[in-house]
Amino acid sequence: MRKLLSANFSRLWKNKTFWLCMGAMLVYALVYMLNGVRQATVSLTQYHRSLDDYYFQFALAIGMFAALFCSMFLGTEYSDGTIRNKLITGHTRAGVYLANLVVTFVATLLMIAVWLVAALVGVPALGFWEMGVPHLLGYLLTAVFFVASFSSIFTFISMLSANKTVTVAISIFLFLGLLIMASMMYNGLQQPEMASSVELTMDGGMQMGEQQPNPAYVSGAKRVFYEFMLDFLPTGQGILMWQLQIANYLRMILSSVALTIVPTVCGIVIFRRKNLK
């Protein structure tokens with residue numbers, strides 16, 4: 001296992017996709033934070049802005065970076081015949097699978113680290129975090145775990161598909177699908193229970209009508225299900241982190257652990273039986 005990890009990380013430091021992702025994350029962080037600083041300085045005083053409002057924006061995008069990097073990095077193992085060479089030299093399939101999972105997880109964490117450091121450019125104008133150290137650590141720990149679940153899911157796809165193009169497409173579309181699903185659930189939960197209609201007055205003006213039950217409001221078991229799925233899905237966790245609305249750290253972390261272990265175990269079982277041509 002140690003030799004596999006050493007070989008994987010040696011290849012990682014030379015991988016163009018990895019460094020492109022790191023560079024893109026750096027530029028993204030600087031542009032986004034500097035734009036946030038500009039907004040904070042020109043906004044009216046009643047719209048208070050802090051570093052917290054911008055610092056966790058990476059949570060929305062990191063899944064896309066993980067999907068792209070993992071599928072490209074591991075897809076090359078098939079196209080170059082690296083996996084067969086590792087097995088020929090005596091490494092187990094489980095060891096190969098786990099070593100690949102570890103390197104994709106660490107690589108994605110390094111991308112987040114680039115964001116976290118680069119985003120500090122906003123400190124002189126916005127100050128430090130207002131949420132406090134315990135919540136900051138809770139948010140970062142949650143991010144580490146949902147990145148692990150992303151890495152597990154995309155490693156599963158990449159290790160079972162020998163076609164790199166197909167792997168990239170499946171990984172990216174899966175991420176986008178999960179993001180859209182989580183966004184729809186989040187938007188549904190944001191609907192107010194009561195809503196007011198806008199009515200035209202005789203003089204051509206507008207006034208708010210009486211409040212009435214909002215038909216788009218999500219209630220009952222459906223609301224409970226939506227709340228659970230947002231905490232369960234890594235994309236849902238990313239949305240809640242971006243909106244600074246994390247309420248249940250433990251449920252999120254346990255969900256990420258489950259989404260890390262299950263795909264990994266299933267992936268190893270299937271990979272052991274896979275016919276490598």
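The structure contained in this document is the topic of the report that follows. (Residues numbered from 1 in each chain as written. Predicted model: local features only at pLDDT ≥ 70, side-chain atom pairs only at ≥ 80, totals over all residues. Heavy atoms only, no water.)

### What to know about the pattern of salt bridges
Okay, step 1: Applying the stated criterion across every chain yields a total of 2 salt bridges.
Okay, step 2: Measuring nitrogen to oxygen at the nearest pair gives 3.7 Å for the salt bridge that ties Glu-227 to Arg-223. Within this pair, Glu-227 and its partner Arg-223 are both found in helix H10 (residues 220-232), separated by 4 residues, close to a single helical turn.
Okay, step 3: Close ionic contact of Arg-251 with Asp-231 constitutes a salt bridge, the shortest N to O distance being 2.7 Å. Placement of Arg-251 in helix H12 (residues 249-273) and of Asp-231 in helix H10 is noted, with a sequence separation of 20 residues between them.
Okay, step 4: Judged by relative accessible area, Arg-251 falls into the partly exposed class, the value being 31%. (Salt bridge = Lys/Arg side-chain N within 4 Å of Asp/Glu carboxyl O. Helix = DSSP H or I, 4+ residues; strand = E, 2+ residues; numbered from the N terminus. Buried < 20%, exposed > 50% of the residue type's maximum accessible area, 1.4 Å probe, protein only.)

### Side note on unusual backbone geometry
Okay, step 1: The phi dihedral of Leu-244 falls on the positive side, at around 55 degrees, and the residue is not glycine.
Okay, step 2: As for its position among the elements, Leu-244 is in the loop between helix H11 (234-242) and H12.
Okay, step 3: For Leu-244, a relative accessible area of 29% corresponds to the partly exposed category.

### Regarding the packing of H10 against H11
Okay, step 1: Packing of H10 against H11 brings their axes to within 5 Å, and their N-to-C directions diverge by 95 degrees. In terms of axis orientation, H10 runs roughly perpendicular to H11. For the pair H10 and H11, the contacting residues are Leu-230, Asp-231 and Phe-232 in the first and Pro-234, Gly-236, Gln-237 and Leu-240 in the second.
Okay, step 2: Classifying every residue of the contact of H10 with H11 by side-chain character gives 4 nonpolar, 2 polar and 1 charged. (Axes fitted to C-alpha atoms, helices over the stretch in contact; angles between N-to-C directions. Parallel < 35°, antiparallel > 145°, perpendicular 65-115°, else oblique. Contact = heavy atoms within 4.5 Å. Nonpolar A, V, L, I, M, F, W, Y, C, P; charged D, E, K, R; others polar.)

### With respect to the nonpolar core
Okay, step 1: In this structure, Met-111, Phe-154 and Met-241 are the most contacted members of the largest nonpolar core, which totals 72 residues.
Okay, step 2: Ranked by the residues each element gives to this core, the list is headed by helix H4 (residues 58-79), at 13 residues.
Okay, step 3: Filtering out sequence-adjacent residues up to four positions away, Met-111 remains in contact with Phe-18, Cys-21, Met-22, Met-25, Ile-62, Phe-65 and Phe-69. (Core = buried A, V, L, I, M, F, W, Y, C linked by side-chain atoms within 4.5 Å.)

### Focus: the environment of Leu-140
Okay, step 1: Considering the arrangement of structural elements, one finds Leu-140 in helix H8 (residues 133-160).
Okay, step 2: Beyond its immediate sequence surroundings of up to four residues, Leu-140 is in contact with Phe-56 and Leu-116.

### Concerning a nonpolar patch on the surface
Okay, step 1: Taken together, the side chains of Leu-26, Leu-30, Leu-34 and Val-121 make up a nonpolar region of the molecular surface, amounting to roughly 290 Å² of accessible area.
Okay, step 2: Taking relative accessible area as the criterion, Leu-34 reaches 46% and is therefore assigned partly exposed. (Patch = residues over 30% accessible without salt bridge, like charges linked within 9 Å, V, L, I, M, F, W, Y side chains within 5 Å. Areas by Shrake-Rupley, 256 points an atom, 1.4 Å probe, with all protein chains shown as cover.)

### A closer look at the environment of Gln-243
Okay, step 1: Structurally, Gln-243 can be placed in the loop between H11 and H12.
Okay, step 2: According to the relative accessible area criterion, Gln-243 is partly exposed, its value standing at 29%.
Okay, step 3: Sequence separation between Gln-243 and Phe-56 is 187 residues; the distance between their C-alpha atoms is 8.4 Å.

### Topic: the packing of helix H9 (residues 164-189) against H10
Okay, step 1: Contact geometry of H9 with H10 gives a least axis separation of 10 Å together with a crossing angle of 130 degrees. If you check the angle between H9 and H10, you find them oblique. In this structure, H9 crosses over H10, and the sense of that crossing is left-handed. Across the interface between the two elements, Ala-182, Met-185, Tyr-186 and Leu-189 from H9 touch Arg-223, Phe-225, Tyr-226, Glu-227, Met-229 and Leu-230 from H10.
Okay, step 2: Tallied by class, the residues present in the contact of H9 with H10 amount to 8 nonpolar, no polar and 2 charged. (Left-handed = near helix turned anticlockwise from the far one by under 90°.)

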